[in-house]
Every structure is written in C-alpha cells, then in structure tokens.
Amino acid sequence: MTQAGLYTLAASALAGIGVYGLLARRHLLRRILAVNLLGNAVFLLLVAFARRQPGYVDPVPHAMVLTGIVVAVSATAFALALARRYYAETGLDHLPEDEG
Amino acid sequence: MGLAFDLLLAGGLLGLALQVVASRGLFRSVVLFIALGLLMALAWARLAAPDLALAEAAIGAGLTGALLLSAYRALQPAEEAADPGPAALPRWGALAAAVLSGALVAALGWAALGLEAPAASAGREALARLGESGVKSPLTGVLLGFRAIDTLAEVVVLLVAFLGARVVAEPLQRAGPGPSAPGSGEPVLTAPLLRLVVPMGVIVAGYLLWSGGHQPGGAFQAGAVLAALGVLLRLTGRLQPAAATSPAERLALVGGIVLFSAIGLAGAGTASAVLAYPEAWAYPLILAIETGLAVAIALPLTLLFSGSAGLRWRER
C-alpha cells in the first residue's frame, strides 16, 4: 500500500470517529472536539492527496490546509466563547434540544 | 521501514481519536486531543509538509489546547454536577452513521486515488512559474502570490472570529486564566526563565518569518510563535486583560489586512492584476505583507485566549 493510500484510510476512519463523537456525545466541549477531529480528517485527506504521485508534492493543498488550520482555530475559539457565554447564562453544558 | 512508521503513526492517531471521543472524563479528552495534535504534526512531517507540521504543532496543538483547557475550567462545575450522558440519538444510530460516513470517505478517497493524476494541475503550474512569485518557497509563493485572495480572506476570518467572540464575551473578571498581579506567589525561576524565553521566542518568530521566503516557515508559523509568547505572558500575569482595545492594538489588528489590501489593490495599476505584485518589488512587498500578517495573526489569537478586548503590560 502506498503512503497516500494509508493516510487516506486513516483520514476516513478519523472522519468516522468525528461523526460518532458529534452524534453520540452532547457536552458542548466534546462536540467542539469532535468537529475538530472531522476537520483534521479533511486536512489529512487533502495532504495525503498532495502526495499521490511519487516524487512530486503539490503545494496548493498544503496552502489550503495551512489556511484551514488558522480558520479552524478561529472557529474553535469563537465556538468556545459561545459555549462559555451559554453556560454562564443558562448553567447548561449541552443544548436543550438534545434532552433525551 | 518507512511504511511501518506510517502504520504506527496512523494507528496512534486513530487510537487517540477514539479515546478523545469515548473517554469518560472530559479533562482526559481535552489532553488527549492536544496529544493528537502533536501526532498530526508528525504525520504532516511524514507527508512532506514541514510548513504544516510547524503550524500544527504551534496552532493546532498549542493554541487550540490552551483555549480548550481554559474553556474546560470555565465549564467545569457543570461536568462535576452531572454528566449529561449520551445524546438523544441512540448509540447504535450514531455508530451506524459514523461507520457509514467513514466508509463513504474511504470509498471516495480510494476511487479518487485510483484515477490517473492529471498531467496539468494548479500545483504543477505553481511550481513551474515559481520564479514569477518572487520567493523560492513553493508554499509561500502559493499563499502570498498565486492564491493571495485565500490568505487575505483567512486573516479577515480570524478578525471576524475575534469580533464575534467579543460580542458574546463574558465580563472581564470572568475572562481567561492568569493571575491578577505578576509575581504574587510565583515560583522563583519564573521571572529569569521568562527573561530568557521571551527574547528567544521573538528571535525564533523573526527567523521563521524571514525563512518563509526560501524554506519552510512564514507568517503563519511566526504569528503562532508570537501568540504562544502572548499566552505565556498572559498566564504569568505580565500581560493583564483590559476592557478596551488601545489604538496601538487596533492598528495591529487591522494593519496586516489594510496593508495586504492596499498593496493588492495597487497591483491593479502597477502590476497585471489585483493582488499581483510588480515583479521587481515582489519579494520586499511579500516580506512586508508577511510581517503585518504575523502580527495580525498573533494578536487576535492572544486576545481570544485572554478573553479580553485588550492587553496591558504590567511590570512587577
């Protein structure tokens, strides 16, 4: 198996784990972690594809992922600020529509 | 040998990810997520993406981790009171959705890998015309030359995230961690260590910024190192949160975007297109933009961690 193939498989498993975390847990912080796992899966997929041809590394996906890492941390920081404010207002650490 | 290492790394990544999702304690999940970020950095290095490894180690693992731990402490009482338990969706439903989506990604990825790679791609074009970008590093050439619009938009996203976080921010006394006064009961070695680490950090950031022109490095990595220094100074009380953003901070927040946009717009007249640079000036202009961007990345990230509108220096 090639390196690109191996990391493509790893990325798909990571995406599956992320989806599971997003659906199966309802603590807000855990959901934010799960979304970050999904994001990492997408990054891994892109970078694995940049390496699919031997002896050539595509710089364009790398640039997209570098941009993506900064956007991901921005979105995470905003989501965490939202979660903190939500907890301060309601005392809840999960969304009411998730009440089982 | 190489593939065995990749196998171990992929296994480690997946094992950690499983623990992040499945472990009972929230603190454990957060810490394992930070460890996962470090393994991701190793994976980027294995996949011939040293720029990403640098950025991931500093931003993905370091800053995201600091933000998560700070938020964990703010949300902690809730977790101790009652574990909210699983979501309304039954566990088998979540598991089925997870397995199906993982299989979908795997099938699509496998099919795409099987296709013959196109002879002409944006990446090959960028590599072939790297000389026109004014820099020698392919990644910097793409980020600030061929796809400058993405980079500009990304810094705007960061600023918008900071502004959004300000809108929903809690009062200053409930802002992020860190002592209210420097030097109160801190270990003896903190001050001498900071005196060593902070100047070194600034030098490392400057080096990363400079090296972006010809080797791995650049505005993102330099900005991340500067933001890490900001977090360090905030945690040791040297930087105190403030309720207002000072004029200098405002300038630093928007300066990179304004400079980038101004040079980009000037490109319509002096070069071939908007966000193109006149060829003789390309390298100095890119370096100037990168310096502005590094500051425009570092300051919002530090302020997002601090949970305040501004920061004030406070000598002990």
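Residues numbered from 1 in each chain as written. Chains lettered and ligands numbered in written order. Predicted model: local features only at pLDDT ≥ 70, side-chain atom pairs only at ≥ 80, totals over all residues.

Caption draft 1: Representation of the overall build of chain A in the model. Along its length, chain A carries three helices and zero strands. For a compact globule of 100 residues, the expected C-alpha radius of gyration is about 13 Å, and chain A comes in at 17 Å, more than 25% above that figure. If you line up chain A on its principal axes, its C-alpha atoms span 55 × 25 × 15 Å. Within the span of chain A, comprising 100 residues, buried residues form 66% of the whole. (Helix = DSSP H or I, 4+ residues; strand = E, 2+ residues; numbered from the N terminus. Rg over C-alpha atoms; globule rule 2.2 N^0.38 Å. Buried ≥ 20, exposed ≤ 12 C-beta atoms within 10 Å, placed from the backbone.)

Caption draft 2: Focus on the overall build of chain B. Per the secondary structure count, chain B includes 11 helices and two strands. Along chain B, helices and strands appear, N-terminal first, in the series α-α-α-α-α-α-α-α-α-β-α-α-β. Considering only C-alpha atoms, chain B reaches an extent of 60 × 55 × 40 Å along its principal axes. Counting every position in chain B, which comprises 316 residues, the buried fraction comes to 40%. Counting contacts in chain B only where the partners sit at least 6 residues apart, residues at least 24 apart contribute 73% of the total. (Contact = placed C-beta atoms within 7 Å.)

Caption draft 3: Highlighting the interface of chain A and chain B. With 67 residues of chain A at the interface, the matching set in chain B holds 76 residues. Mapped onto the side of chain A that touches chain B, the elements with two or more residues apiece are helix H1 (3–24), helix H2 (28–50) and helix H3 (59–90) of chain A. Considering only residue class, the side of chain A that touches chain B consists of 41 nonpolar, 15 polar and 11 charged. (Nonpolar A, V, L, I, M, F, W, Y, C, P; charged D, E, K, R; others polar.)

Caption draft 4: View of H3 of chain A. Taking 1.5 Å of rise per residue, the 32 residues of H3 of chain A would be expected to cover 46 Å, and the 46 Å separating its terminal C-alpha atoms lies within 8% of that figure. In the segment just after H3 of chain A, glycine 91 of chain A is the residue with positive phi, at about 75 degrees. (Expected span 1.5 Å × (residues − 1).)

Caption draft 5: Spatial organisation of the nonpolar core. In this structure, Ala11, Leu14, Leu44 and Val47 of chain A together with Leu63 and Ile297 of chain B are the most contacted members of the largest nonpolar core, which totals 122 residues. Ranked by residues supplied to this core, first place goes to H3 of chain A with 15 residues. If we skip the residues at most four places from it in the chain, alanine 11 of chain A touches Ala41, Leu44, Leu45 and Ala48 of chain A together with Val105 and Gly109 of chain B. (Core = buried A, V, L, I, M, F, W, Y, C linked by C-beta atoms within 7 Å.)

Caption draft 6: Spotlight on unusual backbone geometry. Residue and element names in this part refer to chain B. A positive phi angle, close to 60 degrees, is found at alanine 48, a residue other than glycine. Within the element layout of this structure, alanine 48 appears in the loop between helix H2 (26–46) and helix H3 (50–81). A count of 15 C-beta atoms within 10 Å places alanine 48 in the partly exposed class.

Caption draft 7: The arrangement of the packing of helix H9 (residues 219–235) of chain B against helix H11 (residues 282–306) of chain B in detail. Residues and elements named next belong to chain B. At a minimum axis separation of 7 Å, H9 and H11 run at an interaxial angle of 35 degrees. Between H9 and H11 lies a crossing of right-handed hand. Along its contact with H9, which presents Ala219, Phe220, Ala222, Gly223, Leu226, Ala227, Gly230, Val231 and Arg234, the element H11 presents Glu290, Leu293, Ala294, Ile297, Ala298, Leu301, Thr302, Phe305 and Ser306. Residue composition of the contact of H9 with H11, by class: 12 nonpolar, four polar and two charged. (Axes fitted to C-alpha atoms, helices over the stretch in contact; angles between N-to-C directions. Left-handed = near helix turned anticlockwise from the far one by under 90°.)

Caption draft 8: Layout of the packing of H3 of chain A against helix H6 (residues 138–146) of chain B. Their axes nearest at 9 Å, the elements H3 of chain A and H6 of chain B cross at an angle of 65 degrees. The two elements H3 of chain A and H6 of chain B meet at a crossing, and its hand is right-handed. For the pair formed by H3 of chain A and H6 of chain B, the contact residues are Pro59, Val60, His62, Ala63 and Leu66 of chain A on the first element and Pro138, Leu139, Val142 and Leu143 of chain B on the second. When the residues that make up the contact of H3 of chain A with H6 of chain B are grouped by side-chain class, the tally is eight nonpolar, one polar and no charged.

Caption draft 9: Quick peek at the environment of leucine 9 of chain A. All names here are of chain A. Secondary-structure assignment places leucine 9 in helix H1. Among the residues examined, leucine 9 registers 19 C-beta atoms within 10 Å and is labelled partly exposed. Linking leucine 9 and alanine 48, residues 39 residues apart in sequence, is a C-alpha distance of 9.8 Å.

Caption draft 10: Region of interest: the environment of alanine 79 of chain A. All names here are of chain A. Checked against the element boundaries, alanine 79 lands in helix H3. Overall, alanine 79 belongs to the buried group, with 21 C-beta atoms counted inside 10 Å. Residues alanine 79 and isoleucine 32 lie 47 residues apart in sequence; the distance between their C-alpha atoms is 7.3 Å.

Caption draft 11: Layout of the environment of glycine 55 of chain A. Residue and element names in this part refer to chain A. Here glycine 55 lies in the loop between H2 and H3. The class of glycine 55 is exposed, set by 5 C-beta atoms lying within 10 Å. Expressed as a C-alpha distance, the spacing of glycine 55 and threonine 8, which sit 47 residues apart in the sequence, is 18 Å.

Caption draft 12: Up close: H2 of chain A. Along its 23 residues, H2 of chain A runs 33 Å from first to last C-alpha, staying within 8% of the 33 Å computed at 1.5 Å per residue. Counting buried positions over the 23 residues of H2 of chain A gives 19, a clear majority of the element.

What is shown is where atoms sit, not what they do.
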